[in-house]
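Each chain, written out:
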Amino acid sequence: MNVEDWKSQIKRGTLDYCILLLIKQRPYYGYEIISKLEQYPIVAAKENTIYPLLRRLLKEEYISSSWQESTEGLPPRKYYTLTEKGNEYLSAMSVEWDNLLTAISEIKGELNDG
Amino acid sequence: MMDKIMNDYLVKIEKYLKSMSDSERIDIVKEIKSVMLELQNNGFSSEQIIERLGNPKELSKAYLGEAISKNNKFSWSKFGAIFAFCSSFAGVSGMLLLPFISTLSIALMIGGVITPIGGIIKFVGYLMGYDIAGITIEMGTFTPSPMQFFPISIVIGALMFWLGKVLWNLTIKYIHAISQKKKTV
């Protein structure tokens, strides 16, 4: 039994979704996304995963980015925002996510009854 | 403040990403530099920052791998990105296998389109009373007549195109597999 393998598959399959959900609320910069996700071990990922992934989402035009100066001697930050295309993609993902949750809870319920 | 450890790291990233366009590479390096300073501001030492970011080669590989988007659609820019990926990472798969199969798959797809066109040209020529000898297929001793050539060219074209597409999909899958191999996620 290796639950770690399964956990990493879940993470890989849901990171895009988590990141798009975050960015939908407001513009985020990369390090902020990493810090936010670190609060939840099941989706926590390091820089070498998140930054390349953001780059792919940019390429696929689900998100856009802009550099903004920050305060007090800190370097400029690259903020990511959701595009129209990204919003559509996110809605479609949300539908599937709800389908999954419903399926799992029903399957669980049936197992408990039986 | 950037010190030597962090600067050396960025220089390595620059080197591994040299096959990318200038604007993209500069943007990536700028963002990594930004996160380094962000981490430093939160009390991490240079060594801890490098440790967190991981081996520069692996990080670059992840960037180059993700640059090849996951869908299997063909585009010339993706073809270029495959070669960029290969040129940064030597080794048997990078130097020989990947360039070979990706080029072969495109040659097959192009051949798959050209062959039926040849068939149509030959068929139209035949209807108009010409035999275009330059376009032909030989299968052992059997050389199809212009009438037979037309359907044969379509079947062969479809087969070539299909084979090219399968090879292309394999190439994309393979690149994603090797660019994610060493990641902890």
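In the block above lies the structure referred to throughout.
In this text the structure is predicted, and so the values were computed from the model without any measurement.

K.L.:
So what exactly am I meant to see when it comes to the overall build of chain B here?
P.N.:
A count of helical and extended segments in chain B gives seven helices and zero strands. In chain B, the succession of α and β elements from N to C terminus is α-α-α-α-α-α-α. Each of the 185 residues in chain B was classed as buried or not, and the buried ones make up 44%. Look at the contacts in chain B between residues 6 or more apart in sequence, and 67% of them connect residues 24 or more apart.

K.L.:
Would you explain the packing of helix 1 (residues 3–25) of chain A against helix 3 (residues 47–59) of chain A in this entry?
P.N.:
Geometry of a packed helix pair, given as the angle between the helix axes and the separation of the axes. All names here are of chain A. Across the interface, helix 1 lies against helix 3 with an axial gap of 11 Å and an inter-helix angle of 75°. Overall, the two elements helix 1 and helix 3 adopt an arrangement that is roughly perpendicular. Mapping the contact onto sequence places Leu-15, Asp-16, Ile-19, Leu-20 and Ile-23 in helix 1 and Thr-49, Ile-50, Leu-53, Leu-54, Arg-56 and Leu-57 in helix 3. Looking at the contact of helix 1 with helix 3 residue by residue, the classes come out as eight nonpolar, one polar and two charged.

K.L.:
Teacher, can you tell me more about the nonpolar core here?
P.N.:
The nonpolar side chains of soluble globular proteins are, as a tendency, buried together. Judged by nonpolar contacts, the single largest core of 59 residues is most densely connected at Ile19(A), Ile33(A), Leu37(A), Ile50(A), Leu54(A), Ile32(B) and Met36(B). At seven residues, helix 1 of chain A tops the list of elements feeding residues into this core. Contact partners of Ile19(A), with chain neighbours within four places excluded, come to Ile33(A), Leu37(A), Ile50(A), Leu53(A), Leu54(A) and Leu57(A).

Quick notes on the rules
Each residue is numbered by its place in its chain's sequence as written, counting from 1. Each chain takes a letter, starting from A, and each ligand takes a number, starting from 1, following the order in which they are written. Local features in this predicted model are restricted to residues whose pLDDT is 70 or higher, and side-chain atom pairs enter the listing and the counts only when it is 80 or higher, whereas totals over whole chains, interfaces and linings include all residues. Heavy atoms from the whole structure form the basis of all side-chain values; hydrogens and water molecules are not counted. Only DSSP runs of H or I with at least four residues qualify as helices, and only runs of E with at least two residues qualify as strands; both kinds are numbered from the N terminus onward. Think of it in three bands: with a 1.4 Å probe and only protein chains considered, a residue is buried below 20% of the maximum accessible area for its type, exposed above 50%, and partly exposed in between. In what follows, residue pairs with any heavy atoms lying within 4.5 Å of each other are defined as contacts. For helices, the axis comes from a line fit to the C-alpha atoms of the stretch in contact; other axes are also lines fit to C-alpha atoms, and the angle between any two N-to-C directions lies between 0 and 180 degrees. Orientation labels follow simple angle bins: below 35 degrees gives roughly parallel, above 145 gives roughly antiparallel, 65 to 115 gives roughly perpendicular, and whatever is left gives oblique. The nonpolar class holds Ala, Val, Leu, Ile, Met, Phe, Trp, Tyr, Cys and Pro. Asp, Glu, Lys and Arg form the charged class, and all remaining residues, Gly among them, are polar. Grouping buried Ala, Val, Leu, Ile, Met, Phe, Trp, Tyr and Cys residues that are joined through side-chain atoms within 4.5 Å yields what is termed a nonpolar core.

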